[in-house]
Amino acid sequence: MMSFYPSQIIEYLYCPRYTYFEYVLCIPQNEDKYHKVQRGREVHDEKLERNKAYLRKKIGVRQKWTDHYMGTSQLRGKVDEVLLLEDGSYAPLDYKFAVWKDRIFETYKQQLYCYALLIEELFDAEVNKGFLVYTRSKHKVVEVTIAKNSKNEVRESTQRMLEIIENNKFPKATAFKKRCLNCTYRNICIK
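Below is a short write-up of the structure. (Residues numbered from 1 in each chain as written. Predicted model: local features only at pLDDT ≥ 70, side-chain atom pairs only at ≥ 80, totals over all residues. Heavy atoms only, no water.)

Re the side chain of K96
Thought 1: Turning to its location among the elements, K96 is positioned in strand β3 (residues 90-96).
Thought 2: Within the structure, K96 has its side chain in polar contact with the side chain of D94 (distance 2.7 Å).
Thought 3: Dropping the residues within four chain positions of it, K96 is found in contact with Y108, Q111, L132, V133, Y134, T135 and R136. (Helix = DSSP H or I, 4+ residues; strand = E, 2+ residues; numbered from the N terminus. Polar contact = N/O pair within 3.5 Å; in protein donor to acceptor, adjacent residues only side chain to side chain. Contact = heavy atoms within 4.5 Å.)

If you want it as structure tokens, here you go:
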């Protein structure tokens with residue numbers, strides 16, 4: 001069975017045709033050319049190095065696993081930090097090379113939902129919240145609630161992605177046409 005990275009789930013939710021172009025037609029996105037993506041990866045690596053021995057007292061961390069790769073039959077990915085909290089619950093923590101602007105992007109939430117599912121399966125513990133660290137806002141920590149229906153949406157998305165791939169199915173495009181303007185596949189996509 002094929003498993004997906006959180007970024008692939010996010011792309012699917014943005015527009016299902018990402019899955020078709022990338023995994024049925026095998027046309028890569030070539031996203032590495034974008035500066036912000038590259039810089040984000042560099043900062044991410046720097047933060048992991050600097051924070052390896054740091055437990056976040058502010059959010060009640062008892063133990064943590066840094067740069068933790070996990071995989072299940074549906075999902076796989078590397079979580080910046082898996083946290084065991086003082087109350088016995090677990091939570092993902094993800095660093096973002098971003099400025100806090102009083103709102104959490106849906107893509108950030110989706111990534112935490114994916115990580116929550118991975119942690120639940122591999123640590124055999126329920127995950128009800130996650131944390132984002134905004135590195136360009138003095139490392140502001142923001143708590144994100146993770147509801148069961150959000151985790152179910154990720155499960156359903158992986159099933160629909162598998163259907164596209166296994167059945168060579170060309171899905172409907174996103175209903176949000178503004179998304180097409182910045183799409184890496186806009187020149188080959190039938191509108």
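Concerning the sheet that holds β3
Thought 1: Taken together, five strands build an open sheet; the order of strands is β1-β2-β3-β4-β5 and the sheet is mixed. Only two strands of the sheet have a single partner each, and these edge strands are β1 (61-71) and β5 (140-145). Averaged over all neighbouring strand pairs, the angle between strand axes comes to 30 degrees, with direction disregarded.
Thought 2: The strands that helix α4 (residues 106-123) touches are β1, β2 (76-85), β3, β4 (129-134) and β5; relative to β3, the one it contacts most, it runs at about 145 degrees. (Pairing = 2+ DSSP bridges. Axes fitted to C-alpha atoms, helices over the stretch in contact; angles between N-to-C directions.)

A word on the packing of helix α2 (residues 17-24) against helix α5 (residues 148-166)
Thought 1: As a packed pair, α2 and α5 sit with axes 9 Å apart at the nearest point and diverge in direction by 45 degrees. Considering the angle they form, α2 stands oblique to α5. Here α2 runs over α5; the crossing is right-handed. Each of T19, Y20, Y23 and V24 in α2 lies in contact with α5, whose residues at this interface are M161, I164 and I165.
Thought 2: Its residues assigned to classes, the contact of α2 with α5 comprises six nonpolar, one polar and no charged. (Parallel < 35°, antiparallel > 145°, perpendicular 65-115°, else oblique. Left-handed = near helix turned anticlockwise from the far one by under 90°. Nonpolar A, V, L, I, M, F, W, Y, C, P; charged D, E, K, R; others polar.)

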